[in-house]
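# Fold and geometry: a report
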Amino acid sequence: MAGKQFSTKKYRLRSRAQKRRQALKIDAPNFGIKSSPEIKNLSVLRSIEAKVKAIMAS
């Protein structure tokens, strides 16, 4: 006896529900997004920008 075959509509709904569950997770990892060096060092870049703004303001 073969496993139950789902229709295309059912697969779409299941996929959408899975994406929704994943998005609702706390600190969910982003799938399908390649991490560039800029994204990896985002906190460092922001701190440098903040220091530059502080120097420019004074």
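Reading the values: the criteria
Residues numbered from 1 in each chain as written. Predicted model: local features only at pLDDT ≥ 70, side-chain atom pairs only at ≥ 80, totals over all residues. Heavy atoms only, no water. Helix = DSSP H or I, 4+ residues; strand = E, 2+ residues; numbered from the N terminus. Rg over C-alpha atoms; globule rule 2.2 N^0.38 Å. Buried < 20%, exposed > 50% of the residue type's maximum accessible area, 1.4 Å probe, protein only. Areas by Shrake-Rupley, 256 points an atom, 1.4 Å probe, with all protein chains shown as cover. Patch = residues over 30% accessible without salt bridge, like charges linked within 9 Å, V, L, I, M, F, W, Y side chains within 5 Å. Salt bridge = Lys/Arg side-chain N within 4 Å of Asp/Glu carboxyl O. Lys, Arg positive; Asp, Glu negative; His and termini not counted. Charge placed at Lys NZ, Arg CZ, Asp CG, Glu CD. Phe/Tyr/Trp six-rings, centres within 6.5 Å; stacked < 30°, edge-to-face > 60°. Lys NZ or Arg CZ within 6 Å of the ring centre and 35° of its normal.

### Some points on the overall build of the protein
Regarding its fold elements, the protein presents three helices and zero strands. For the protein, the α and β elements follow one another from N to C terminus as α-α-α. Radius of gyration (C-alpha) of the protein: 22 Å, far over the 10 Å computed for a compact globule of 58 residues. Counting only C-alpha atoms, the protein reaches 75 × 20 × 15 Å along its principal axes. With 58 residues in all, the protein has 2% of them scored as buried. Accessible surface, the protein: about 6,000 Å² in total, of which carbon and sulfur atoms supply 60%.

### A few points about a positive patch on the surface
On the surface, Lys4, Lys10, Arg14, Arg21 and Lys25 cluster together to form a positively charged patch. With respect to the helices and strands, the residue lysine 10 is situated in helix H1 (residues 8-24).

### Describing the packing of aromatic side chains
Applying the stated criterion to the full structure yields one aromatic pair. Considering the side-chain rings of phenylalanine 6 and tyrosine 11, the 5.8 Å spacing of their centres and the 80° angle between planes classify their relative orientation as edge-to-face. Above the plane of the ring of phenylalanine 6 lies arginine 14, whose end atom (NZ or CZ) is 4.5 Å from the centre.

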